[in-house]
Amino acid sequence: MADQEEEDLRMALRMSMQNSPPEPKRSKPRDATGVSPEESRRLQRELMAAAAEKRMLEAKISSPSKPMDRSSGKSTDVARKEKDSGSTEVNMGQELTCEESNQLFSMVFGSVVSKDILAQWSNQGIRFSADPETSMGLVQHEGGPCGVLATIQAFVLKYLLFFPDELGKFAPNMPQNLGSGRLTKSQYVASSNFNSLTEDAKARALVRSMGEILFMCGSNKRAVIATLAAIGCDAEGSAQDDRIAQALEGLSIESASDLHKILRIETYTSQASAMQRLQVTIPVFQSRMGALLFLISALLSRGLDTVQADRDDPSLPLVTAPFGHASQEIVNLLLCGQAVPNVFDGRMDLGGGICLKGISTSVEVGFLTLLESLNFCKVGQHLKCPKWPIWVVGSDSHYTVLFALDTTVQDENELEERESQIRKAFDAQDQSGGGGFISVEGFHQVLRETGIRLPPEKLDHLCSTGFIVWSEFWQVILDLDRSLGGLKDSSGLMGKKVFDLYHFNGIAKSDLNGSHMAIGGDTPVQRPRLTKLRVSVPPRWTPEEFMADVAGPSVSGGNESSSKDAEVSKPEPSQHAPLVDCIRTRWARAVCSWVGDPPSIV
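Residues numbered from 1 in each chain as written. Predicted model: local features only at pLDDT ≥ 70, side-chain atom pairs only at ≥ 80, totals over all residues. Heavy atoms only, no water.

A. View of a nonpolar patch on the surface. Taken together, the side chains of Met-348, Leu-350 and Ile-354 present a nonpolar region at the surface, about 280 Å² in accessible area. Judged by its relative accessible area of 48%, Ile-354 is partly exposed. (Patch = residues over 30% accessible without salt bridge, like charges linked within 9 Å, V, L, I, M, F, W, Y side chains within 5 Å. Areas by Shrake-Rupley, 256 points an atom, 1.4 Å probe, with all protein chains shown as cover. Salt bridge = Lys/Arg side-chain N within 4 Å of Asp/Glu carboxyl O. Buried < 20%, exposed > 50% of the residue type's maximum accessible area, 1.4 Å probe, protein only.)

If you want it as structure tokens, here you go:
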């Protein structure tokens, strides 16, 4: 028994020395000092145990990012690499330096931040709504992190609506193209049966969305995943749930040193490995620290110095005072991968070496804001016309999501394209300096270029005065059959587009907008809400008074494509809410209607 114990101690010593050669085996301990064999063996055991403990402590101090995997005796990153074929992870479970923690905390919250704001950002998980009618949406319980949740929500909807068949294909060897689109410009109408979404499909959509955003922040080269130190890299299932509960018990973040203590980061250059890790750590992001951990992950994926370089004024905190809202820089970082503060396209040179940074590339999901309708800013085409018909909607205090099921809602109306062609030909013959009239000779040239065949009586009427005015010519075109080159629409729509939009507000709080009280003195509960809007958009050239007399189509099922042949009936009554003003920044003069209470963007 004593020999077995001695051999176990020797093995521990050899393991602690790692690459050092093992000590040669001896049949007996040395007895040169006259000490008894038993006493010599006891001293040897103590010396070997002390040496093993010392080496293991030194190894832990010199490389804290590589804890030992209990099952294999290897560091967790080595064990994970062997388990994860093809992965190229580095810095598994690594601590931030004190300098990085200070920079991160100051960048997010500033030098002076209230406990209320810190509590808001430390108590918001990334969880789906429990209500069946809004089960596709992420629920928000605290003010502040809505900018993070709404942006993730927009990407989740992208996968749930337009990539449902690919959610079941999640695999370690999946191709590295998280953000690539499989759909073309051809029409695609997603299902509106949100109740049929499975928990597995929603979880996979969330993983894909988070992975895409993080790699986008990392210039498609890397993703950093921030997690909690007390959870470790190898915990899964119920063991992970227990560790999360223990780690969060009494946990608060009040300073950079708190971040330094609790954060561990893992960096991935393989999208497949990052997705696997996100799938395992979803319970961490569902915990009350989830929104903050994801924001930190995005910032570290971009790189703290690069984030500061993106900004126009890096001295300001990313979480704005006094209410702790996510800044536009946070929203833009998650939408386009760059923490720029503006929503216009490209850059704006103000002279004197001052340049304001905007959105430099096309985006998967877009952004609309109430502030544009108030002339406080101008949203560029990159954010206004994203690849998918999904938009984060900003108000002065909250972020929500607007989306369509039909990919063609952003397509140009063919009658508008025809109008542009005719107007261009007309303006080319206008010699009046912009007066809006042309000569008879120029008018015949316009007819030839545009293929318009006017009946003789209409042609004589227009040419009777010796010059042709645009407004008179245009009224003739609107009443001319399309077979003769005109724009007359037999459906009565005159080029008006009619489609459905959906608005999701994930806020769930006990005080409805902070003011209204229910009967009996009880505070009502505001729950996540999904609102369907019927939207009618007139062609940009149609006079307002003309549109007031044009009948609209009867309301039909959500996925029926029958606008041109629809039965003409009384137009939908116009309703108004601040969301309508946001919609009109994308579709000018849009008329919206809905059932029930107005959609809320606060």
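Next, the rest of the story.
B. Looking closely at the packing of helix α6 (residues 146–162) against helix α7 (residues 199–217). Where α6 meets α7, the axes come as close as 8 Å, and the angle between the chain directions of the two elements is 120°. As judged from the angle between their axes, α6 and α7 are oblique. In the packing of α6 onto α7, the handedness of the crossing is right-handed. The segment α6 lies against α7, with Thr-151, Ile-152, Phe-155, Val-156, Lys-158, Tyr-159 and Leu-160 engaging Ala-201, Lys-202, Ala-205, Leu-206, Arg-208, Ser-209, Glu-212, Ile-213 and Met-216. Of the residues belonging to the contact of α6 with α7, the class tally is ten nonpolar, two polar and four charged. (Axes fitted to C-alpha atoms, helices over the stretch in contact; angles between N-to-C directions. Helix = DSSP H or I, 4+ residues; strand = E, 2+ residues; numbered from the N terminus. Parallel < 35°, antiparallel > 145°, perpendicular 65-115°, else oblique. Left-handed = near helix turned anticlockwise from the far one by under 90°. Contact = heavy atoms within 4.5 Å. Nonpolar A, V, L, I, M, F, W, Y, C, P; charged D, E, K, R; others polar.)

C. Expanded view of the nonpolar core. Ranked by size, the top nonpolar core spans 101 residues in total, and within it Phe-294, Leu-299 and Phe-403 carry the most contacts. In terms of residue count, the dominant contributor to this core is α6 (13 residues). The contacts of Phe-403, once residues within four sequence positions are left out, are Met-136, Leu-157, Leu-161, Phe-194, Pro-389, Ile-390, Leu-501, Tyr-502 and Leu-530. (Core = buried A, V, L, I, M, F, W, Y, C linked by side-chain atoms within 4.5 Å.)

D. Molecular detail of the side chain of Ser-536. Along the chain, the position of Ser-536 falls in strand β14 (residues 529–537). Beyond its immediate chain neighbours, meaning those up to four positions away, Ser-536 contacts Lys-496, Lys-497, Val-498, Arg-589, Ala-590 and Val-591.

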